[in-house]
Amino acid sequence: MKVLVTGGLGYIGSHTCVQMLNAGMEPIIVDNLCNAKIAVLDRIEALTNIRPQFYQGDIRDETFLDDVFSKHAIQSVIHFAGLKAVGESVAKPLEYYDNNVNGSLVLARAMRTAGVKSIIFSSSATVYGDPESVPITESSSVGATTNPYGRSKYMVEGCLTDFYQSQPDWSVTFARYFNPVGAHPSGTMGEDPQGIPNNLMPFIAQVAVGRRDKLSIFGDDYATPDGTGVRDYIHVMDVADGHLVALNRVGQKAGLHIYNLGTGKGSSVIEMLDAFSQACGKPVPYEICPRRPGDIGACWASTEKAEKQLGWKATRSVLEMTADTWHWQSKNPQGY
């Protein structure tokens, strides 16, 4: 199966491409490299003995996309390409809406032109906003988002839902994942954000490896057991496997399909910090800072629907997540 993977050299996209190649699929990667490195292509090839087809370009460039579609008999699209930092989205909302929302619309138009009617959209638990109750199910209310990043994901879901209503022979899947962490167990691929990390795990890893002085924990006064934010952290390899299962089970089945990808358990920032200290064998220095705008106290997933309908379940533990992250960062202290 030939699948166009937008943002395929990014953190989640690259791990998914490895799993696709191992499963005999053919990813066609598109990435503008704004938050990814070309070296990832070499790592994918080293792990799989296959160098996937790669095109450098922007999903907002319709002529570019039309050209890619014209060169390959693409059957489906996995759409990862998007800006994804909550804090940055508060500072740069227009850039987020342009890249995430406008980019998705251009992609959908190019798919329609090419006659490709299957898309898996990399959505996010942020569409649920600050949840009224946990665990969060797929039927929990959406839209009360607390930041432009989350709003952009919610808006894309709305656009694709409306489009599906007008084109019911399409297969549209929203993979709403929670907090992907970890790295490929080989230690050769992992999360390598540009500049100061916006997410917890790469920040902890960079402190542990000596690139940064200390971890900033934003808020210790949430209504959680230790006062720090609680999230559903899920291993990136489990997220990657979830996309493959969705592609095989519902990717060619007309309909609007929505799934949470999480573990069904919440862990606090302090708990993740302790697990990472265990993995790297030393304490990781930290400081408590004020809450960030747009952050919420606690969220974790109900995974029943994905288990029942897809037969998919996250299998990797928090200790595996932190051990694999440390394996990656200690082998690649400066990233790729």
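These lines cover the structure that appears in this document, whether it is placed above or below. (Residues numbered from 1 in each chain as written. Predicted model: local features only at pLDDT ≥ 70, side-chain atom pairs only at ≥ 80, totals over all residues. Heavy atoms only, no water.)

1. Digging into the overall build of the protein chain
When its secondary structure is counted, the protein chain shows 11 helices and 13 strands. Relative to the compact-globule value of 20 Å for 336 residues, the protein chain shows a C-alpha radius of gyration of 19 Å, a close match. Seen through its principal axes, the protein chain has C-alpha atoms that stretch 55 × 45 × 40 Å. In the protein chain, of all internal contacts separated by at least 6 residues, the share reaching a separation of at least 24 is 79%. With an accessible surface of roughly 13,500 Å², the protein chain has 49% of that area assigned to carbon and sulfur atoms. Here the protein chain carries 29 positive and 35 negative side-chain charges, and the mean point of each set is 3 Å from the other. (Helix = DSSP H or I, 4+ residues; strand = E, 2+ residues; numbered from the N terminus. Rg over C-alpha atoms; globule rule 2.2 N^0.38 Å. Contact = heavy atoms within 4.5 Å. Areas by Shrake-Rupley, 256 points an atom, 1.4 Å probe, with all protein chains shown as cover. Lys, Arg positive; Asp, Glu negative; His and termini not counted. Charge placed at Lys NZ, Arg CZ, Asp CG, Glu CD.)

2. Description of the nonpolar core
Counting 37 residues, the largest nonpolar core has Leu9, Met20 and Ile44 as the members making the most contacts within it. If you list the elements that add at least two residues to this core, you get strand E1 (2-6), helix H1 (11-22), helix H2 (39-48), strand E6 (171-177), helix H8 (236-249), strand E11 (255-261) and helix H10 (304-310). Leave out the neighbours within four places in its chain, and Ile44 touches Gly8, Leu9, Ser14, Cys17, Val18, Leu21, Ile29, Ile50, Pro52 and Met189. (Core = buried A, V, L, I, M, F, W, Y, C linked by side-chain atoms within 4.5 Å. Buried < 20%, exposed > 50% of the residue type's maximum accessible area, 1.4 Å probe, protein only.)

3. Section: the pairing of strand E5 (residues 118-124)
For E5, the tally of buried residues reaches 7 of 7 residues, placing the bulk of the element in the interior. Burial of the side chains of E5 extends over both faces: Ser118, Ile120, Ser122 and Ser124 are buried on one face and Ile119, Phe121 and Ser123 on the other. Bridge count between strand E4 (residues 76-79) and E5: 3 bridges; the pairing is parallel. Each bridged residue has a counterpart across the sheet, and for His79 the counterpart in E5 is Phe121. The sheet contact formed by E5 and E6 spans 7 bridges and is parallel. The residue of E6 that forms the bridge with Ile119 is Val172. This β-α-β element, E5 to helix H6 (residues 148-166) to E6, shows right-handed connectivity. (Pairing = 2+ DSSP bridges. Right-handed = clockwise from strand over helix to strand, strands pointing away.)

4. Re the state of the cysteines
This structure, assessed with the given rule, holds 0 disulfides. The thiol of Cys289 is not disulfide-bonded; the next cysteine sulfur, from Cys280, is found 20 Å away. In this structure Cys289 comes out as buried when scored by relative accessible area, which is 17%. (Disulfide = S-S within 2.5 Å.)

5. Describing the pattern of salt bridges
Any two side chains of opposite charge can pair, so long as their charged atoms come close to each other. For the coordinates displayed, the defined rule picks out 15 salt bridges. The salt bridge involving Arg109 is made with Glu62; its shortest N-O contact spans 3.0 Å. Highlighted residues: Arg109 in helix H5 (residues 93-114) and Glu62 in helix H3 (residues 62-71), separated in sequence by 47 residues. Under the relative-accessibility criterion, Arg109 is labelled partly exposed at 35%. Judged by its relative accessible area of 24%, Glu62 is partly exposed. The network of salt bridges with common partners includes Asp42, Glu45 and Arg51. (Salt bridge = Lys/Arg side-chain N within 4 Å of Asp/Glu carboxyl O.)

6. What about the packing of aromatic side chains?
Aromatic ring pairs are defined here through the distance separating the ring centres and the angle between the ring planes. Following the criterion strictly, the structure yields 4 aromatic pairs and no others. An angle of 80 degrees between the planes, with centres 4.7 Å apart, marks the rings of Phe163 and Trp170 as edge-to-face. Classification of Trp170 as buried rests on a relative accessible area of 3%. Between Trp328 and Tyr336 the ring centres are 4.8 Å apart and the planes differ by 50 degrees, which places this aromatic pair in the tilted class. (Phe/Tyr/Trp six-rings, centres within 6.5 Å; stacked < 30°, edge-to-face > 60°.)

7. Remarks on the sheet that holds E5
Overall, parallel pairing links the 7 strands, which are arranged E3-E2-E1-E4-E5-E6-E11 in an open sheet. Pairing within the sheet leaves two strands with one partner each, and these edge strands are strand E3 (53-56) and E11. Strand-to-strand twist in this sheet, taken as the mean axis angle between neighbours without regard to direction, amounts to 20 degrees. In the packing of H3 onto the sheet, contacts are made with E1, strand E2 (26-31), E3 and E4, and the angle to E3 comes to roughly 165 degrees. Lying on the sheet, H6 is in contact with E5, E6 and E11; it crosses E5 at an angle near 155 degrees. (Axes fitted to C-alpha atoms, helices over the stretch in contact; angles between N-to-C directions.)

8. What about H5?
A rise of 1.5 Å per residue sets the reference length of H5, with its 22 residues, at 32 Å; its end C-alpha atoms lie 31 Å apart and thus fit the reference within 8%. At Asn102, H5 shows its maximal kink, close to 25 degrees. On the buried face of H5, the contacting elements are E1, H3, E4, helix H4 (86-91), E5 and H6. Count one or two residues on from H5 and you reach Gly115, which has phi positive near 75 degrees. (Expected span 1.5 Å × (residues − 1). Bend = angle between axes of the 7 residues up to and from the residue.)

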